Amino acid sequence: MVLGLGYNAMLVMVGAGLLGIAAGVTGTFLFLRKRALVGDAIAHATLPGIGLAFLLMVALGGDGRNLAVLLIGAAVTAALGLLCVHWISTKTRLSEDTAIGAVLSVFFGFGVMLLTVIQNVPSGRQAGLDGLLLGATAGMLYADAVLIAVGGAVALAASLALSRPMTMVAFDAGFAGISGVNVVRIDLATMGLVLMVTVVGLKIVGLILIVALLIIPPVAARFWTDHAMRVAILAGTMGGVSGVVGAGLSATAPDLPTGPIIVLVAFAAFLISLIMAPDRGVLAAWFRHRRFERRVHLRQGLLALGQGQPIYERFTLRLLQKAGLVRADGVATDRGVGAALDALRDEARWAIMRADPGFDTLVNRHDGLSPIDTLLTADQIAEIDTRLNGATP
Amino acid sequence: MSGQVFVALSLTPLLIGVLAAIACAVPGNFLLLRRQALIGDAISHVVLPGIVVAFLVTGRVSAWPMMLGAAAAAVVAVVLIEVIRRLGRIEPGAAMGVIFTAMFAGGVLLLEQSDTSNVHLDVEHALMGNLESLIWLDALGWTSLLDPRALAGLPPELTRLAVVTALVAVLTWLFWRPLKITTFDEGFAHGVGLPNTVIGLGLVILSAVAAVAAFDAVGSIIVIAMFICPPAAARLMTNRLETQVALSVLLAALSAILGYIFAGFGPLWLGFDNSVSAAGMIATVSGLMLLAAAIVGPHRRQT
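Because the structure is a prediction, the values reported are computed rather than measured. (Residues numbered from 1 in each chain as written. Chains lettered and ligands numbered in written order. Predicted model: local features only at pLDDT ≥ 70, side-chain atom pairs only at ≥ 80, totals over all residues. Heavy atoms only, no water.)

## Re the environment of Leu236(B)
Here is step 1 of the chain: Within the element layout of this structure, Leu236(B) appears in the loop between helix H11 (220–235) and helix H12 (241–269).
Here is step 2 of the chain: A C-alpha to C-alpha distance of 7.7 Å links Leu236(B) and Arg301(B), two positions 65 residues apart in sequence.
Here is step 3 of the chain: The contacts of Leu236(B), once residues within four sequence positions are left out, are Thr92(A), Arg93(A), Leu94(A), Leu290(B), Ala293(B), Ala294(B), Gly297(B), Pro298(B), His299(B) and Arg300(B). (Helix = DSSP H or I, 4+ residues; strand = E, 2+ residues; numbered from the N terminus. Contact = heavy atoms within 4.5 Å.)

## As for the environment of Pro231(B)
Residue and element names in this part refer to chain B.
Here is step 1 of the chain: You can see Pro231 is positioned in helix H11.
Here is step 2 of the chain: A C-alpha to C-alpha distance of 9.5 Å links Pro231 and Ala246, two positions 15 residues apart in sequence.
Here is step 3 of the chain: Apart from the residues within four sequence positions on either side, Pro231 is in contact with Ala25, Gly28, Asn29, Leu32, Met226, Gln244 and Ser248.

## With respect to the domain arrangement of chain A
Here is step 1 of the chain: Domain parsing of chain A yields domain 1 (3–258) and domain 2 (283–391).
Here is step 2 of the chain: A C-alpha centroid distance of 56 Å is found between domain 1 of chain A and domain 2 of chain A. (Domains from an automatic or database assignment.)

## Re the pattern of salt bridges
Here is step 1 of the chain: Within the structure shown, the criterion is met by 13 salt bridges over all chains.
Here is step 2 of the chain: For Glu293(A), the salt bridge goes to Arg290(A), with nearest N and O atoms at 3.5 Å. Residue Glu293(A) and its partner Arg290(A) are both found in helix H14 (residues 282–306); the two are separated by three residues, about one turn of the helix.
Here is step 3 of the chain: For Arg86(B), the salt bridge is made with Glu82(B), and the minimal N-O distance between the two is 3.1 Å. One end of the pair, Arg86(B), and the other, Glu82(B), are both in helix H3 (residues 63–88), four residues apart, so they sit about a helical turn from each other. (Salt bridge = Lys/Arg side-chain N within 4 Å of Asp/Glu carboxyl O.)

## Side note on the state of the cysteines
Here is step 1 of the chain: Per the stated rule, a full pass over the model turns up zero disulfides over all chains.
Here is step 2 of the chain: Sulfur of Cys24(B): no disulfide; nearest cysteine sulfur belongs to Cys229(B) and is 12 Å away.
Here is step 3 of the chain: For Cys24(B), a relative accessible area of 1% gives the class buried.
Here is step 4 of the chain: Left unpaired, Cys229(B) is separated from the closest cysteine sulfur, that of Cys84(A), by 11 Å. (Disulfide = S-S within 2.5 Å. Buried < 20%, exposed > 50% of the residue type's maximum accessible area, 1.4 Å probe, protein only.)

## Some words on helix H4 (residues 67–91) of chain A
Residue and element names in this part refer to chain A.
Here is step 1 of the chain: Taking 1.5 Å of rise per residue, 25 residues should cover 36 Å, and H4 covers 36 Å from first to last C-alpha, within 8% of that figure.
Here is step 2 of the chain: For H4, the complete set of buried residues consists of Leu67, Leu70, Leu71, Gly73, Ala74, Thr77, Ala78, Gly81, Leu82, Val85 and Ile88.
Here is step 3 of the chain: In this structure, the buried residues of H4 make contact with helix H2 (38–44), helix H3 (46–59), helix H5 (96–119), helix H7 (142–161) and helix H10 (183–201).
Here is step 4 of the chain: Two or three places before Ala68, at the start of H4, stands the capping residue Asn66, its side-chain oxygen 3.0 Å from that residue's backbone nitrogen. (Expected span 1.5 Å × (residues − 1). Polar contact = N/O pair within 3.5 Å; in protein donor to acceptor, adjacent residues only side chain to side chain.)

## A few points about the packing of helix H8 (residues 163–171) of chain A against H10(A)
Residue and element names in this part refer to chain A.
Here is step 1 of the chain: Axis separation between H8 and H10 bottoms out at 10 Å; the angle between their running directions is 110 degrees. Relative to H10, H8 is oriented roughly perpendicular. Read as a crossing pair, H8 and H10 show a hand that is left-handed. Residues Pro165, Met166 and Val169 of H8 form the contact with H10, whose own contacting residues are Val183, Ile186, Asp187, Thr190 and Leu193. (Axes fitted to C-alpha atoms, helices over the stretch in contact; angles between N-to-C directions. Parallel < 35°, antiparallel > 145°, perpendicular 65-115°, else oblique. Left-handed = near helix turned anticlockwise from the far one by under 90°.)

## As for the interface of chain B and chain A
Interfaces are often sized by the accessible area lost when the parts come together.
Here is step 1 of the chain: Counting residues at the interface gives 61 residues for chain B, matched by 53 residues for chain A.
Here is step 2 of the chain: Each partner contributes to the roughly 4,600 Å² buried at the junction of chain B and chain A, and carbon and sulfur atoms together form 74% of this total.
Here is step 3 of the chain: There are zero salt bridges connecting chain B and chain A.
Here is step 4 of the chain: The interface formed by chain B and chain A contains six residue pairs in polar contact (both at pLDDT 80 or more).
Here is step 5 of the chain: Elements supplying a minimum of two residues to the side of chain B that touches chain A: helix H2 (39–58), H3, helix H4 (92–113), helix H5 (123–128), H11 and helix H13 (278–296) of chain B.
Here is step 6 of the chain: Sort the elements by how many residues they give to the side of chain B that touches chain A and H4(B) lands first, with 16 residues.
Here is step 7 of the chain: Along the lines of polarity and charge, the residues of the side of chain B that touches chain A split into 33 nonpolar, 19 polar and nine charged. (Buried area = accessible area lost by both parts, 1.4 Å probe. Nonpolar A, V, L, I, M, F, W, Y, C, P; charged D, E, K, R; others polar.)

## With respect to the nonpolar core
Here is step 1 of the chain: Val205(A), Val219(A) and Phe270(A) are the most contacted members of the largest nonpolar core, which totals 182 residues.
Here is step 2 of the chain: By residue number, the principal contributor to this core is helix H1 (residues 3–33) of chain B, which donates 15 residues. (Core = buried A, V, L, I, M, F, W, Y, C linked by side-chain atoms within 4.5 Å.)

## Section: the packing of H11(B) against H12(B)
Residue and element names in this part refer to chain B.
Here is step 1 of the chain: Contact geometry for H11 and H12: axes closest at 8 Å, N-to-C directions at 125 degrees. Considered as vectors, H11 and H12 are oriented oblique to each other. The handedness of the crossing between H11 and H12 is right-handed. Mapping the contact onto sequence places Met226, Pro230, Pro231, Ala233, Ala234 and Arg235 in H11 and Gln244, Leu247, Ser248, Leu251, Ala252 and Ser255 in H12.
Here is step 2 of the chain: Residues that form the contact of H11 with H12 fall into these classes: eight nonpolar, three polar and one charged.

In structure tokens:
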């Protein structure tokens, strides 16, 4: 199937894959720095640059279709937009998200206005600038495909080279500063990378959705691990796979737009992570909750048995019965009596420990359901037991 | 320009622009102060899948089902953002980014897959609106404002927006105190028994309704710009909420009027013979106002 797509489509797939990896890695640092949506402002701020570059090329006598020049124009206004976000959020009392929203809407609005100007320029109608809104890879020129593949490779190389200092800044800017990392410069470099990814992605994903490639893979990867470099690697992998699969899928049929397909593939990876990830995933959390619930019921049931109280709670009875601790009529088996006495003793020991400030860390760390002999040494238990016996002579 | 041409061609787009700007700017003030400014951005993206689904269900382009679909999509998005924020312990900005881009991508895909070639429904229209085309053909001049037959020919967008703007104004007035208290002092609001979550969600739903009504007429650019720029500019000019809201309404109306005029006549003044997108120009004007406020606003610094 892939081989049947033709040389350009192959190049686009390679470009989309490289772009996806670069976006995933770069986006990780943006996400860890809690500035994910800055990418959205940068992306929307490319539109006026594209329009101005086109008008400039036409004014100089060209036909305005040179992708490289359009992308340079995009980068210039995107950088200007980034500066505006920075200026508004540091020099005025408006928050960063307000600055992002303002820059995003105003630059985009200005860009749309330029597009209507361009539509009235004689060669403007066929310029295909609309394709940069949502990405359009169908009928792409060979030179453009090469430009995207090379751009993706450069963005990827730069993000890998900078990943070490970017991790330090993302986690603890103060510590990074003391360790000799120039925080301001690294933040700027991160933003520069975001800008590069955005500009390279314009033709494939389009400026409205490119931010998704910067946000979704890192958020999905964050579910699987707490280790920053692993988040970056995983996000890069997810981004790369989304890019290749999405670009490949969209090349198979005419009405499958590339950008949205890539974004939806990435979103599928996010959904899988949200549900399946160990520890942070939804399924894992549900199982953990059920396990805890069982332990509490079992413990309360045993305590009730030990104190000779009747148990009415059906779920508790069923659990006890399944564990062979009570008979069907609710009377404790021999093993049940033993377990109940153990539970009572554990509970008394926990009570002593809770009253003793020396055990604070241990008590705070545990839920009070674990058997004491799995937590303390025999000596410590013996000491608690003497206090226990002393308290009730 | 004669009264007849003005009333027929410019009066209704101007009014629609002003109403849309005001309907978005008023809730925008509270979103801004609650640090939820980008909710407007998220809502205006997810409106697209809502409209497309409504179109696929009903099979035609009619306003009310589409507005319902869009409002439903906005509520779904807000709930989803909250759900994944809690489940994944993700910061709100990133959670928002995941949901609105995915829903927008879904909307574009549905649009491309469905047969909408014979109806006027495309992504560009959704982004840019078509303010200029909302003209009042039945008008013969100022006297038409008193003529019931001509009034029946008013663009339906105008009526819908007037209703929604009135709704926004009335609700803001009714809930002024709870809104103000929950916005500025969550702890105190909790102490006096105000349901903070309900008020917050109500604000988001009201914003969604305003965004959808405005979106239908003027496209999503103006919606995002009006949610943020006029309130942000007003915030830099005053410390009183009452003054801020009043100023933001004024600035919103002013950007709509100036933007419309510049878009229609600006190019003519400069010697070109075609007008430019009014939606884009309105957003640009509001941005320039914010820039001016950021440079000279009396309360631009942190106090």
